[in-house]
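Structural features, examined
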Amino acid sequence: IDRLAGAIQSVAGVRLADIHADPDHHRSVFTFLGAPAAVEAAACALAEVALRAIDMRTHRGIHPRIGALDVLPFVPLREMSMAEAVTIAHRVGRTLGARFELPIFFYAEAALSPERRSLPWIRRGEYEGLARRLADPAWKPDAGPARFNPRSGATAVGARGILVAFNVWLDSNDLDAARAIARAVRESSGGLPAVQAMGVPLARHAITQVSLNLLDYRRTSLPKVFERVKSEAARRGISVRQSELVGLAPRDAFPGASPESLALPDFTPAKLLETYLPTT
């Protein structure tokens with residue numbers, strides 16, 4: 001993880017804002033910001049270290065994934081358009097595909113076909129099912145070879161808006177209950193708009209977690225999703241132990257709520273996106 005962080009920090013003009021690493025998920029998320037050219041260079045530097053250091057043949061974790069560099073999203077912030085982010089995603093994806101002989105799938109706003117907009121759809125079958133999927137002509141990658149790379153797997157490269165990743169820890173080891181709560185909350189099962197959710201075990205803590213993505217915090221805010229998870233858990237006689245943010249969140253994702261009311265321990269301004277953006 002230090003080597004990956006060092007690759008990002010070696011690029012002038014980029015600020016590494018957050019690293020979130022979890023042994024149960026067996027997954028690390030790096031959040032870094034800067035001018036477009038610098039972020040592009042840092043993404044390529046990070047990819048090179050990750051693809052050389054991580055061997056998927058021995059990887060196990062509870063979070064869905066397709067490769068050592070599982071997903072690389074570019075998020076336009078101030079004074080940048082989504083079209084510019086899409087251009088960078090395509091350029092970086094093609095570079096990585098050629099340099100590392102890595103299958104690349106473009107997703108979200110960078111997708112080249114409607115079905116590939118969805119990251120869960122791309123991850124279906126995960127790394128273990130990747131060889132079979134790549135053998136299907138319908139699954140030809142958008143860049144790189146249509147060939148299974150057993151060491152590195154594949155990578156999803158995309159451009160998207162701000163996503164808030166938010167996990168709620170339950171005081172229970174009942175995985176069926178955690179999955180039922182996730183179903184009640186996520187949009188695809190009739191829950192809250194623009195919310196993805198899954199119930200997973202946290203073996204280190206002997207509890208379960210509802211892992212959530214808020215795809216549009218303006219449609220469903222952090223307080224709204226937290227209260228829904230808390231309510232669904234209470235219906236099953238389960239309390240909430242704590243919450244956590246993966247990466248950063250904009251201040252507007254907390255309307256009418258304090259971090260304490262969302263069970264976020266030790267929250268600091270370092271978790272707010274605005275901390276890293278110019279004020280003028």
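So, how was this worked out
Residues numbered from 1 in each chain as written. Predicted model: local features only at pLDDT ≥ 70, side-chain atom pairs only at ≥ 80, totals over all residues. Heavy atoms only, no water. Helix = DSSP H or I, 4+ residues; strand = E, 2+ residues; numbered from the N terminus. Rg over C-alpha atoms; globule rule 2.2 N^0.38 Å. Buried < 20%, exposed > 50% of the residue type's maximum accessible area, 1.4 Å probe, protein only. Contact = heavy atoms within 4.5 Å. Areas by Shrake-Rupley, 256 points an atom, 1.4 Å probe, with all protein chains shown as cover. Lys, Arg positive; Asp, Glu negative; His and termini not counted. Charge placed at Lys NZ, Arg CZ, Asp CG, Glu CD. Axes fitted to C-alpha atoms, helices over the stretch in contact; angles between N-to-C directions. Parallel < 35°, antiparallel > 145°, perpendicular 65-115°, else oblique. Left-handed = near helix turned anticlockwise from the far one by under 90°. Nonpolar A, V, L, I, M, F, W, Y, C, P; charged D, E, K, R; others polar. Phe/Tyr/Trp six-rings, centres within 6.5 Å; stacked < 30°, edge-to-face > 60°. Lys NZ or Arg CZ within 6 Å of the ring centre and 35° of its normal.

Here we come to the overall build of the chain. Helix and strand content of the chain: seven helices and nine strands. Relative to the 2.2 N^0.38 estimate, which gives 19 Å for 280 residues, the radius of gyration of the chain is 19 Å and therefore close to what a compact globule would have. Dimensions of the chain, computed from the C-alpha atoms along their principal axes, are close to 50 × 50 × 35 Å. Buried residues in the chain amount to 49% of all 280 residues. For the chain, restricting intrachain contacts to residue pairs at least 6 apart in sequence, the fraction spanning at least 24 positions comes to 67%. Per element, the accessible surface of the chain, about 13000 Å² overall, is 51% carbon and sulfur. Taken together, the 35 basic and 29 acidic charged side chains of the chain have centroids lying 4 Å from each other.

Packing of helix 1 (residues 2-9) against helix 2 (residues 36-53) brings their axes to within 8 Å, and their N-to-C directions diverge by 155°. On the basis of the axis angle, helix 1 is roughly antiparallel to helix 2. Our pair here, helix 1 against helix 2, has a crossing hand that is right-handed. In this structure, helix 1 uses R3, L4, A7 and I8 to contact helix 2, whose residues at the interface are A42, A45, L46, V49, A50 and A53. Considering only residue class, the contact of helix 1 with helix 2 consists of nine nonpolar, no polar and one charged.

What follows concerns the packing of aromatic side chains. Applying the stated criterion across every chain yields a total of five aromatic pairs. On the basis of an interplanar angle of 15° and a centroid distance of 4.9 Å, the ring pair of W121 and W139 is categorised as stacked. Here W121, found in helix 4 (residues 119-123), pairs with W139, found in the loop between helix 5 (130-134) and strand 5 (155-159); they are 18 residues apart in sequence, far enough to count as distant. Exposure remark for W121: the relative accessible area of 22% places this residue in the partly exposed category. The exposure class assigned to W139 is buried, which follows from its relative accessible area of 7%. Measuring from centroid to centroid gives 6.5 Å for F166 and F226, while their planes differ by 70°, and the two rings are edge-to-face. Highlighted residues: F166 in strand 6 (residues 164-170) and F226 in helix 7 (residues 222-235), separated in sequence by 60 residues. An aromatic cluster is defined as three or more aromatic residues linked by ring pairs; in this entry it consists of F105, W121 and W139. The positively charged end of R116 is found above the aromatic ring belonging to W139, 5.3 Å away from the centroid. Residue placement shows R133 over the ring face of W121; its charged tip is 5.6 Å from the ring centre.

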